[in-house]
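Listed below, chain by chain, are the residues.
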Amino acid sequence: MGQAWGFGRFGGPEVQEFFDRPDPGPGPGEVLIRVAVAGVNPLDHLLRAGLVPGLDGGRPFPRVLGMEAAGTVLALGADVDGLAVGDAVFGFALTGGGTYAETTVLSAANTARIPAGLSATVAATLPVAGTTAVDALDQLGLPAGATILVNGVGGGVGLAVARLAPSRQLRVIGTGSAAKREQAEAIGVRFVDYTAEDVVTAARGLVPDGFDGIVDLVGGPSLRAVAPLARDRSAVIAVGDQSVAELGGRSVERRLDRENLARSAQLALEGVLAPVITAIHPLSDAPAALATVENGHASGKVVIKVT
Ligand SMILES: NC(=O)c1ccc[n+]([C@@H]2O[C@H](COP(=O)([O-])OP(=O)(O)OC[C@H]3O[C@@H](n4cnc5c(N)ncnc54)[C@H](OP(=O)(O)O)[C@@H]3O)[C@@H](O)[C@H]2O)c1
């Protein structure tokens, strides 16, 4: 039995609640873990609102929030290879376990060992934001010296892309509100404050010949405004807004497998994918942690330290 935080029906923050639940039994291909740290992501509140039916799996209520976690393996389900009880691991709760909880089940195929020297706190940020940054830059496949626009640079994925880009000798122009400037500039981003200047005019002034690639974390009208800044529309990669295809761009192709997780952990260990963690909340403070992300203006990664 352990404490969990989730929701009893679809809706806004008012449907959120703490409750106790028995440790979930790991099914085939799953591992039960004691959660050390859970990452907080925009997808969490979208699932709570019932806006991502394809990912819900028709699970019963109450459901536990959270998609990613790091922790220690307590038990293995059937057909699990390469992981053992006692391993420190991180990965995705893709089968409905939810990670804002003292114990949960992770999908073994989407879970990797935490390498020695990497903290659980950092590892917990890698499944969603860390590997998304790796996938987006892999998909762009730009040569050294190329210039990219990161639209929404101040959030979890945006800062991860900005941290990773220099290792590929990419120059980054990033957009965000004023509060994101200092953090972005500290890691070498040429920053454009979308609340103070017209992004398209400012970006064109900085890169008159057009961008070699765009990684968009904002979507909607903002994506539509910046997409024409790419020299080649197929080099516009949207992470959240699938309507990017209408603009000639592409949605990020995600790789959630163990190998990609292990690669992201190695990059984190080398300091190349060092996440910017701006808030660490206890589980009792999960409502505040999710509210920070749900307001749409998060800085870097927010995590919940469970044990
Ligand atoms: N496909 C996938 O597997 C996948 C994986 C990860 C994330 N996602 C999606 O990708 C999106 C970003 O994720 P995230 O974790 O980085 O979110 P996040 O941490 O909430 O960051 C979003 C950032 O965008 C900034 N922003 C908002 N409006 C903006 C605008 N008009 N121009 C520039 N910046 C703006 C926000 O702050 P300021 O406004 O203060 O600058 C915030 O820093 C979300 O939609 C998420 O669901 C998808």
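The structure this text deals with has already been given above.
Scope of this entry: the structure provided in the associated data block. In this text the structure is predicted, and so the values were computed from the model without any measurement. (Residues numbered from 1 in each chain as written. Predicted model: local features only at pLDDT ≥ 70, side-chain atom pairs only at ≥ 80, totals over all residues. Heavy atoms only, no water.)

What to know about the overall build of the chain
Item 1. When helices and strands are counted, the chain shows 9 helices and 16 strands.
Item 2. Scaling as 2.2 N^0.38, a compact globule of 307 residues should have a C-alpha radius of gyration of about 19 Å, and the chain matches this with 19 Å.
Item 3. Looking at the chain as a whole, 54% of its 307 residues qualify as buried.
Item 4. Per element, the accessible surface of the chain, about 12200 Å² overall, is 53% carbon and sulfur.
Item 5. Here the chain carries 24 positive and 31 negative side-chain charges, and the mean point of each set is 3 Å from the other. (Helix = DSSP H or I, 4+ residues; strand = E, 2+ residues; numbered from the N terminus. Rg over C-alpha atoms; globule rule 2.2 N^0.38 Å. Buried < 20%, exposed > 50% of the residue type's maximum accessible area, 1.4 Å probe, protein only. Areas by Shrake-Rupley, 256 points an atom, 1.4 Å probe, with all protein chains shown as cover. Lys, Arg positive; Asp, Glu negative; His and termini not counted. Charge placed at Lys NZ, Arg CZ, Asp CG, Glu CD.)

Digging into the sheet that holds strand E10 (residues 171-176)
Item 1. In space, the 6 strands of this open sheet follow the order E11-E10-E9-E12-E13-E14, with parallel pairing throughout. Since the sheet does not close on itself, it has two edges, and those belong to strand E11 (190-193) and strand E14 (250-251), each with one partner.
Item 2. Pairing analysis gives 4 bridges linking E10 to E11, with the strands arranged parallel. Paired with Thr-175 across the two strands is Val-192, which belongs to E11.
Item 3. Strand contacts of helix H3 (residues 126-140): strand E9 (147-151), strand E12 (213-216), strand E13 (236-238) and E14, with the helix running at about 155° to E12, the strand carrying the most contacts. (Pairing = 2+ DSSP bridges. Contact = heavy atoms within 4.5 Å. Axes fitted to C-alpha atoms, helices over the stretch in contact; angles between N-to-C directions.)

Some details on the sheet that holds strand E2 (residues 16-21)
Item 1. Spatial strand order, E2-E1-E4: 3 strands in an open sheet with antiparallel pairing. Each edge of the sheet is formed by a strand with only one pairing partner; in this case those strands are E2 and strand E4 (63-64).
Item 2. Looking at chain direction, strand E1 (residues 2-7) and E4 are connected through 2 bridges and run antiparallel. Its bridge partner lying in E4, Phe-7 is registered against Arg-63.

What to know about the nonpolar core
Item 1. Counting 47 residues, the largest nonpolar core has Phe-90, Leu-118, Leu-137, Val-161, Leu-164 and Leu-273 as its most contacted members.
Item 2. Counting only elements with at least two residues in this core, the list comes to strand E3 (30-40), strand E6 (88-92), helix H2 (120-123), H3, E9, helix H4 (156-164) and helix H8 (258-269).
Item 3. At 7 residues, H3 tops the list of elements feeding residues into this core.
Item 4. Setting aside chain neighbours within four positions, we find Leu-137 in contact with Ile-148, Val-161, Leu-164, Ala-165, Arg-168, Leu-170 and Val-215.
Item 5. If you look at the next biggest cluster of nonpolar residues, it comprises 28 residues, including Val-15, Leu-106, Ala-108 and Val-293. (Core = buried A, V, L, I, M, F, W, Y, C linked by side-chain atoms within 4.5 Å.)

With respect to the site of the ligand
Item 1. Looking at the ligand, there are 23 residues lining it, with Ser-177, Lys-180, Tyr-194, His-297 and Ala-298 nearest.
Item 2. Within the side chain of Ser-177, one N or O atom sits 2.5 Å away from an oxygen atom of the ligand.
Item 3. One of the backbone nitrogen or oxygen atoms of Val-239 is found 3.1 Å away from a nitrogen atom of the ligand.
Item 4. Protein contact buries 81% of the 910 Å² of open area that the ligand shows by itself.
Item 5. Those elements that place two or more of their residues in the shell around the ligand are H3, H4 and E10.
Item 6. Residue composition of the shell around the ligand, grouped by class: 9 nonpolar, 12 polar and 2 charged. (Near = heavy atom within 4 Å. Polar contact = N/O pair within 3.5 Å; in protein donor to acceptor, adjacent residues only side chain to side chain. Nonpolar A, V, L, I, M, F, W, Y, C, P; charged D, E, K, R; others polar.)

Side note on the pattern of salt bridges
Item 1. Under the defined criterion, the tally for this structure stands at 11 salt bridges.
Item 2. Two residues, Arg-231 and Asp-212, come together in a salt bridge whose shortest N-O distance is 2.2 Å. You can see Arg-231 sitting in the loop between helix H7 (220-226) and E13 and its partner Asp-212 sitting in the loop between helix H6 (199-206) and E12, a full 19 residues away along the chain.
Item 3. Classification of Arg-231 by relative accessible area gives exposed; the value is 55%.
Item 4. Taking the shortest distance from any N to any O, the salt bridge between Arg-255 and Glu-259 comes out at 3.7 Å.
Item 5. Overlapping salt bridges bring together Asp-138, Arg-168 and Arg-263 as one network. (Salt bridge = Lys/Arg side-chain N within 4 Å of Asp/Glu carboxyl O.)

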